[in-house]
Every structure is written in C-alpha cells, then in structure tokens.
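Residue strings, one per chain:
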Amino acid sequence: DRPLLVTAPHNIYLRRDGHSPHAMEEYTTLIAQRLARQLGGASIAWSRPEQHRSELLWFLGCRLSTSGHSSDPGSRLDPQNRDPNYLQPEEVMLNPWFRQMAAISDHFSSGPGPPRPTLHVDVHGCRDPPST
C-alpha cells in the first residue's frame, strides 16, 4: 500500500447548494481506478448502482423540465448526493464521501513507523475541451 488516494467524486450527477447541479464526468471512475492500481494506491468513486440511479433521476428531471412540469432538471436528484466541493464546513466530517476519504487516510497512517503523508489526486473530466 502506497499512501496514494485517487478520487472521482463527479462520476454521478450531484446537487450543488445554490447552483446548478454538477453534470456527470464520464470515464473519471476508470481513470481513478487504473491510476490507483498502477501506482499501488486506493481509489474512491460512487458505485455503479448509484451511478445508474443518478442517471435515471437526472433524465427524469430533464424530461419533467422539458415538459413544463419543473424548471430545474436537477430537482429529482437525491439531496444526499451533493458535490463535496459545495459542503458547508460543519458538514464535511458528517459527509459519507469525506468519511471514506478519512478512513483510507487513517489506514495509510496506521502502519508501523511514523505516519506517512498521503497524496490525494482528485480526477475531473471535461467533455469536448476547447483547443488551445
């Protein structure tokens, strides 16, 4: 075990307090898992069933939005699935995403010898990036 944690928090549609929902970033789970495996670390991403559920809720919200039943396509998203970057400071330690990150970090620190620093790589995607 190397003290490397690779995360892909945006592999599902997520609510953002006071902002539009965050769209799912494709392939970030695969990138996080393979990067962690190649470097001997650990990865965190939302489960495949949660990805599927999020997609269904997003598309239901989009359908309701286009038919005039809702103005927000994210209205059907699970309110518990929130963008970790938009949590209030007092929510962080209660959030399941951050608790999982802390557990892995604690695992890396619990080995013999002095605690080792952990490198955290947060994978994000960009669909159709502009040419530069």
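Residues numbered from 1 in each chain as written. Predicted model: local features only at pLDDT ≥ 70, side-chain atom pairs only at ≥ 80, totals over all residues. Heavy atoms only, no water.

Colleague: Which residues make up the overall build of the protein, and what values do they have?
Modeller: Scanning the protein from N- to C-terminus turns up 3 helices and 5 strands. In the protein, the order of α-helices and β-strands from amino to carboxyl end is β-β-β-α-β-α-α-β. Taking the principal axes of the C-alpha coordinates as reference, the protein spans close to 60 × 40 × 30 Å. By residue count, 33% of the 132 residues in the protein fall in the buried class. Considering only contacts in the protein between residues 6 or more positions apart, those separated by 24 or more positions represent 69%. Carbon and sulfur atoms provide 55% of the accessible area of the protein, an area that totals close to 8500 Å². Between the mean site of the 13 positive side-chain charges and the mean site of the 14 negative ones, the protein shows a separation of 6 Å. (Helix = DSSP H or I, 4+ residues; strand = E, 2+ residues; numbered from the N terminus. Buried < 20%, exposed > 50% of the residue type's maximum accessible area, 1.4 Å probe, protein only. Contact = heavy atoms within 4.5 Å. Areas by Shrake-Rupley, 256 points an atom, 1.4 Å probe, with all protein chains shown as cover. Lys, Arg positive; Asp, Glu negative; His and termini not counted. Charge placed at Lys NZ, Arg CZ, Asp CG, Glu CD.)

Colleague: Could you give me a rundown of the side chain of Asn 95, with the residues and numbers involved?
Modeller: Note that Asn 95 resides in the loop between α2 (48-66) and α3 (96-109). On the basis of relative accessibility, which here comes to 10%, the residue Asn 95 falls in the buried class. In terms of polar contacts, Asn 95 uses its side chain to reach the backbone amide nitrogen of Trp 97, at 2.9 Å. (Polar contact = N/O pair within 3.5 Å; in protein donor to acceptor, adjacent residues only side chain to side chain.)

Colleague: Quick rundown of helix α1 (residues 28-39)? Include the residues and the values.
Modeller: Under the 1.5 Å per step criterion, the end-to-end length of α1 is 16 Å for 12 residues, consistent within 8% with the ideal 16 Å. Within α1 the residues assigned to the buried category are Thr 28, Thr 29, Ala 32 and Ala 36. Around the axis of α1, the buried residues are gathered within 105 degrees of arc, so they sit on the same side. Turned more than 90 degrees off the buried face of α1, the exposed positions are Arg 37 and Gln 38. Its buried side turned inward, α1 meets β1 (4-8), β4 (42-45) and α2. (Expected span 1.5 Å × (residues − 1). Arc of directions from axis to C-beta.)

Colleague: Tell me about the packing of aromatic side chains, residues and numbers included.
Modeller: Scanning all chains against the criterion turns up 3 aromatic pairs. Residues Tyr 13 and Trp 58 carry aromatic rings whose centres are separated by 4.7 Å and whose planes lie at 5 degrees to one another, so their mutual orientation is stacked. Within this pair, whereas Tyr 13 is found in the loop between β1 and β2 (14-16), its partner Trp 58 is found in helix α2, the two being separated by 45 residues in sequence. An angle of 70 degrees between the planes, with centres 6.4 Å apart, marks the rings of Tyr 13 and Phe 59 as edge-to-face. Separated by 46 residues along the polypeptide, Tyr 13 in the loop between β1 and β2 and Phe 59 in helix α2 bring together distant segments of the chain. On the accessibility criterion, Tyr 13 (10% relative accessible area) is buried. Among the aromatic residues, those joined into a cluster by ring pairs are Tyr 13, Trp 58 and Phe 59. (Phe/Tyr/Trp six-rings, centres within 6.5 Å; stacked < 30°, edge-to-face > 60°.)

Colleague: Report on the pattern of salt bridges, specifying residues and quantitative values.
Modeller: Throughout the structure, instances matching the rule amount to 6 salt bridges. The closest approach of N and O atoms between Arg 16 and Asp 83, which form a salt bridge, is 2.7 Å. Residue Arg 16 is found in strand β2, and its partner Asp 83 is found in the loop between α2 and α3; the two are separated by 67 residues along the sequence. Connected through salt bridges with shared partners, the residues Asp 17, Arg 82 and Glu 91 form a single ionic network. (Salt bridge = Lys/Arg side-chain N within 4 Å of Asp/Glu carboxyl O.)

Colleague: I'd love a proper account of a nonpolar patch on the surface, names of residues and values included.
Modeller: Nonpolar side chains collect at one region of the surface, where Tyr 27, Leu 30 and Ile 31 lie side by side and expose about 320 Å² of accessible area between them. Position of Tyr 27 among the secondary structure elements: in the loop between β3 (19-22) and α1. On the accessibility criterion, Tyr 27 (61% relative accessible area) is exposed. (Patch = residues over 30% accessible without salt bridge, like charges linked within 9 Å, V, L, I, M, F, W, Y side chains within 5 Å.)

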